[in-house]
Amino acid sequence: MTVLVTGGAGFLGSHLCERLLNEGHEVLCVDNFFTGSKRNIAHLLSNPDFELLRHDVTFPLSLEVDQIYNLACPASPVHYQNDPVQTFKTNVHGAINVLDLAKRLNAKIFQASTSEVYGDPEIHPQPESYWGKVNSIGVRSCYDEGKRSAETLFFDYHRQYKLDIKVARIFNTYGPRMHPNDGRVVSNFIVQALQGIDITIYGEGYQTRSFCYVDDLIDGFISLMSSPDNVTGPMNLGNPGEFTIRELAERVISLTGSNSKLIFKPLPQDDPKQRQPDISYAKCTLGWEPQIDLDTGLLKTIEYFDHLFASK
Ligand code: NAD
Ligand code: UDP
């Protein structure tokens, strides 16, 4: 099959492109390099089954493919808040453009949604049936409400045009090929620890997140995409292991053997206090659950950044 991956030069997209090529597909990677990088896909460029197209998904796409994964959108709060209007456009105009393409081609389409649709949740852990607590006018809203609107569009295209959709709600995922300046917590802490500079904890660090290693997540993507047509999602994909941000910092310090000290900075507006996926639906429908624990995944990620800095 020929598979389109929007946002294919980003962190998750590059792993997905690689996985699809390994499974024998032709891959068309579309990216505008807003947060993605050519370095992430440099090793794929010589593969005759891989093609790269620089394009912004807020403009229509005219392509011939069999399946679509829509990942285009900056995922780090620092980057998506840098140009909130473009973030919202990417989520909404981008979704309309890829959905129109899928409709014309009658192609199955996957949406990279997010745990952010639950906002600052009052129910813990979060099942897919929870509608969320989201501020519609805050600094995170361009992303949260953009992703919620994209889900609406996906389900309307499904109901109205019988489009075959797969919507995954992704919880915090980390691993090699995160950008060193990405701004998300795992890459920030590892980069700070390796450079021996202060580790920046926002707030008191008692907020929680659940961290999934990238390989586990990509297994979940492939498994959801291959599931029967009546499995549309939304489906939580993430690792249910829950940690405070302080615990994460301590683990990174211990695994890197760093002398970095913790420093405390103001908590960003609307920062969710807790987050943990209920993955019962994915477990019983796909038989999927993460295999890689936090320490193992952190060690692989530390090794990646270590090599990256050594090569510079
Ligand atoms: P990323 O920032 O590394 O990758 C996003 C990619 O999309 C980048 O290559 C970027 O250049 C590209 N992009 C952005 N706007 C675009 C546009 N208008 N047109 C074309 N390309 C565009 O982020 P990621 O972590 O790889 O996330 C990928 C997807 O998964 C995103 O949709 C994100 O919202 C979703 N997601 C990720 C996580 C996570 O923890 N990594 C969690 C929840 C949801
Ligand atoms: N965070 C932090 N220090 C950092 C980066 C992030 O303490 O250098 C915190 C952030 O405030 C949030 C959590 O870590 O509570 C996860 O942040 P991230 O940006 O990775 O993802 P999200 O908030 O979207 O879950």
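The structure this text deals with has already been given above.
The structure presented is a predicted model; accordingly, all values stated were derived computationally and were not measured. (Residues numbered from 1 in each chain as written. Chains lettered and ligands numbered in written order. Predicted model: local features only at pLDDT ≥ 70, side-chain atom pairs only at ≥ 80, totals over all residues. Heavy atoms only, no water.)

### Details of the overall build of the chain
Counting its secondary structure elements, the chain contains 10 helices and 13 strands. Seen through its principal axes, the chain has C-alpha atoms that stretch 55 × 45 × 40 Å. Counting the 312 residues in the chain, one finds 57% classified as buried. Put simply, of all contacts in the chain between residues at least 6 apart along the chain, 82% involve residues at least 24 apart. (Helix = DSSP H or I, 4+ residues; strand = E, 2+ residues; numbered from the N terminus. Buried < 20%, exposed > 50% of the residue type's maximum accessible area, 1.4 Å probe, protein only. Contact = heavy atoms within 4.5 Å.)

### Points about the site of ligand 2
If you check the shell around ligand 2, you find 18 residues, and the closest are Asn188, Thr200, Arg209, Asp271 and Arg275. Within the contact set of ligand 2, an oxygen atom lies 3.4 Å away from a side-chain nitrogen or oxygen of glutamate 116. Between ligand 2 and arginine 275, the relevant distance is 2.7 Å, taken from an oxygen atom to a side-chain nitrogen or oxygen of the residue. In isolation ligand 2 has 520 Å² of accessible area, and contact with the protein removes 96% of it. (Near = heavy atom within 4 Å. Polar contact = N/O pair within 3.5 Å; in protein donor to acceptor, adjacent residues only side chain to side chain. Areas by Shrake-Rupley, 256 points an atom, 1.4 Å probe, with all protein chains shown as cover.)

### Quick word on the site of ligand 1
Taken together, 30 residues lie near ligand 1, and Asp31, Thr35, Tyr143, Lys147 and Thr173 sit nearest. Between a nitrogen atom of ligand 1 and a side-chain N or O atom of aspartate 56, the distance comes to 2.9 Å. Alone, ligand 1 offers 820 Å² of accessible surface; in the complex the protein occludes 97% of this. Elements supplying a minimum of two residues to the shell around ligand 1: helix H1 (11-22), helix H4 (84-105), strand E5 (108-114) and helix H5 (141-161).

### Some points on the sheet that holds strand E3 (residues 50-54)
One open sheet accounts for seven strands, arranged E3-E2-E1-E4-E5-E6-E11; its pairing is parallel. Every interior strand has two partners, whereas the edge strands, E3 and strand E11 (235-237), have only one. Averaged over neighbouring strand pairs, the angle between their axes works out to 20° when direction is ignored. When strand E1 (residues 2-6) meets strand E2 (residues 26-31), the two strands line up parallel, connected through five bridges. Along E2, the bridge assignment pairs threonine 2 with glutamate 26. Sitting on the sheet, H1 touches E1, E2, E3, strand E4 (67-70) and strand E6 (165-170), and the angle it makes with E1 is about 170°. (Pairing = 2+ DSSP bridges. Axes fitted to C-alpha atoms, helices over the stretch in contact; angles between N-to-C directions.)

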